[in-house]
Amino acid sequence: CVTPLVQEDVESGNVNIPNLSFGAFTYSDDKSRLYHGPIYRCVDGFCANGDESWARMRIPNPREFVRPRQAGTVVVPAVLIDACMYAAGIHHYRAHHAVTLPLAIDQLRFYAAVPRPGEHAFARVTPLGQDRGQAQFDIELFNENGEPLLSLQRYRAGTLQVSEPG
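Calculation rules
Residues numbered from 1 in each chain as written. Predicted model: local features only at pLDDT ≥ 70, side-chain atom pairs only at ≥ 80, totals over all residues. Heavy atoms only, no water. Helix = DSSP H or I, 4+ residues; strand = E, 2+ residues; numbered from the N terminus. Buried < 20%, exposed > 50% of the residue type's maximum accessible area, 1.4 Å probe, protein only. Contact = heavy atoms within 4.5 Å. Areas by Shrake-Rupley, 256 points an atom, 1.4 Å probe, with all protein chains shown as cover. Core = buried A, V, L, I, M, F, W, Y, C linked by side-chain atoms within 4.5 Å. Pairing = 2+ DSSP bridges. Expected span 1.5 Å × (residues − 1). Polar contact = N/O pair within 3.5 Å; in protein donor to acceptor, adjacent residues only side chain to side chain. Patch = residues over 30% accessible without salt bridge, like charges linked within 9 Å, V, L, I, M, F, W, Y side chains within 5 Å. Salt bridge = Lys/Arg side-chain N within 4 Å of Asp/Glu carboxyl O.

Engineer: Give a detailed account of the overall build of the protein, specifying residues and quantitative values.
Structural biologist: Summing up its helical and strand segments, the protein has two helices and seven strands in all. Helices and strands in the protein line up, N terminus first, as α-β-β-β-α-β-β-β-β. Among the 166 residues that make up the protein, the fraction classed as buried is 41%. Excluding contacts between residues fewer than 6 apart, the proportion of contacts in the protein whose partners are at least 24 apart in sequence is 65%. Here the protein displays about 9100 Å² of accessible surface, and carbon together with sulfur accounts for 48% of that area.

What follows is the structure in structure tokens.
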């Protein structure tokens with residue numbers, strides 16, 4: 001379900017979002033030990049293929065959670081950054097049955113494209129490996145036209161094995 005992209009495509013803004021078959025994704029309130037409140041529930045579709053994944057997320061209305069935009073500034077809702085990290089967590093959980101919690105981002109880059117409320121954005125999650133209880137990812141977020149919105153380079157998350165009470 002994934003078409004490879006290269007960093008030069010992201011930088012130039014010439015990305016064609018592949019025609020993906022997204023499985024519906026719903027947040028599980030009754031099974032999860034970590035609660036993700038309604039305002040953070042942007043991921044609504046997920047598609048995994050081998051080492052890479054794509055997440056589809058709705059772009060929320062900024063009036064729900066940010067101050068009004070000032071002239072000349074680009075406002076990227078923080079919940080979209082959270083949704084990118086959550087998408088990496090979905091990927092890791094499906095591959096390793098381990099929960100992830102954010103630790104660090106080496107580089108957070110914003111692009112000129114502005115997210116439009118009500119539209120969808122698409123996150124490409126590329127795992128870079130795991131070591132000593134940490135998983136590492138590159139994540140690029142694009143709007144519906146394939147224009148880059150943001151990227152998280154070398155996002156690191158702590159990994160926790162899931163155990164059910166017995």
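Engineer: Got a sec to walk through the nonpolar core? Specific residues and values, please.
Structural biologist: By size, the foremost hydrophobic cluster in this structure holds 29 residues, and its most contacted members are Met57, Ile139, Leu141, Leu152 and Tyr155. Elements supplying a minimum of two residues to this core: strand S2 (43-49), strand S3 (52-58), helix H2 (78-96), strand S5 (120-131), strand S6 (134-142) and strand S7 (148-161). Sorting elements by how many residues they give to this core places H2 first, with nine residues. Ignoring sequence-local partners within four residues, the contact set of Met57 consists of Cys42, Val43, Asp44, Leu80, Ala83, Cys84, Glu119, His120, Ala121, Ala123 and Leu141. Core analysis: the next-biggest nonpolar cluster, separate from the first, contains five residues, Cys47, Trp54, Phe122 and Phe142 among them.

Engineer: So what about the pairing of S2? Which residues, and what values?
Structural biologist: Along any regular strand, the residues point their side chains to alternate faces of the sheet. Of the pairings in the sheet, the one linking S2 to S3 comprises six bridges and is antiparallel in character. By the bridge assignment, Phe46 is partnered in S3 with Ala55. In this antiparallel pair of consecutive strands, S2 and S3, the connection spans two residues, and Gly50 shows a positive phi of 65°.

Engineer: Describe in detail H2, supporting the description with residues and values.
Structural biologist: Relative to the 27 Å expected for 19 residues at 1.5 Å per residue, H2 spans 27 Å between its end C-alpha atoms, a close match to the ideal helical length. In the segment just after H2, His97 is the residue with positive phi, at about 50°.

Engineer: Requested: an account of the environment of Glu144, with residues and values cited.
Structural biologist: In this fold, Glu144 is placed in the loop between S6 and S7. Put simply, Glu144 and Arg56 are 88 residues apart on the chain and 10.0 Å apart in space, counted from C-alpha to C-alpha. Leave out the neighbours within four places in its chain, and Glu144 touches Glu119, His120 and Phe122. A distance of 2.8 Å separates a polar atom in the side chain of Glu144 from the backbone nitrogen of His120.

Engineer: Give a detailed account of a nonpolar patch on the surface, specifying residues and quantitative values.
Structural biologist: On the surface, a cluster of nonpolar side chains totalling about 240 Å² of accessible area is made up of Ile105, Leu108 and Phe110. For Ile105, the position within the fold is in strand S4 (residues 98-110).

Engineer: So what about the pairing of S7? Which residues, and what values?
Structural biologist: Among the 14 residues in S7, ten count as buried, and that is most of the element. Where S4 lies against S7, eleven bridges are found, and the strand directions are antiparallel. Bridging across to S7, Leu108 finds its partner in Leu152. Note: S6 against S7, eight bridges, orientation antiparallel. If you follow Phe142 over to S7, its bridge partner there is Pro148. Counted between consecutive antiparallel strands, the loop separating S6 from S7 contains five residues, among which Gly146 sits at a positive phi close to 85°.

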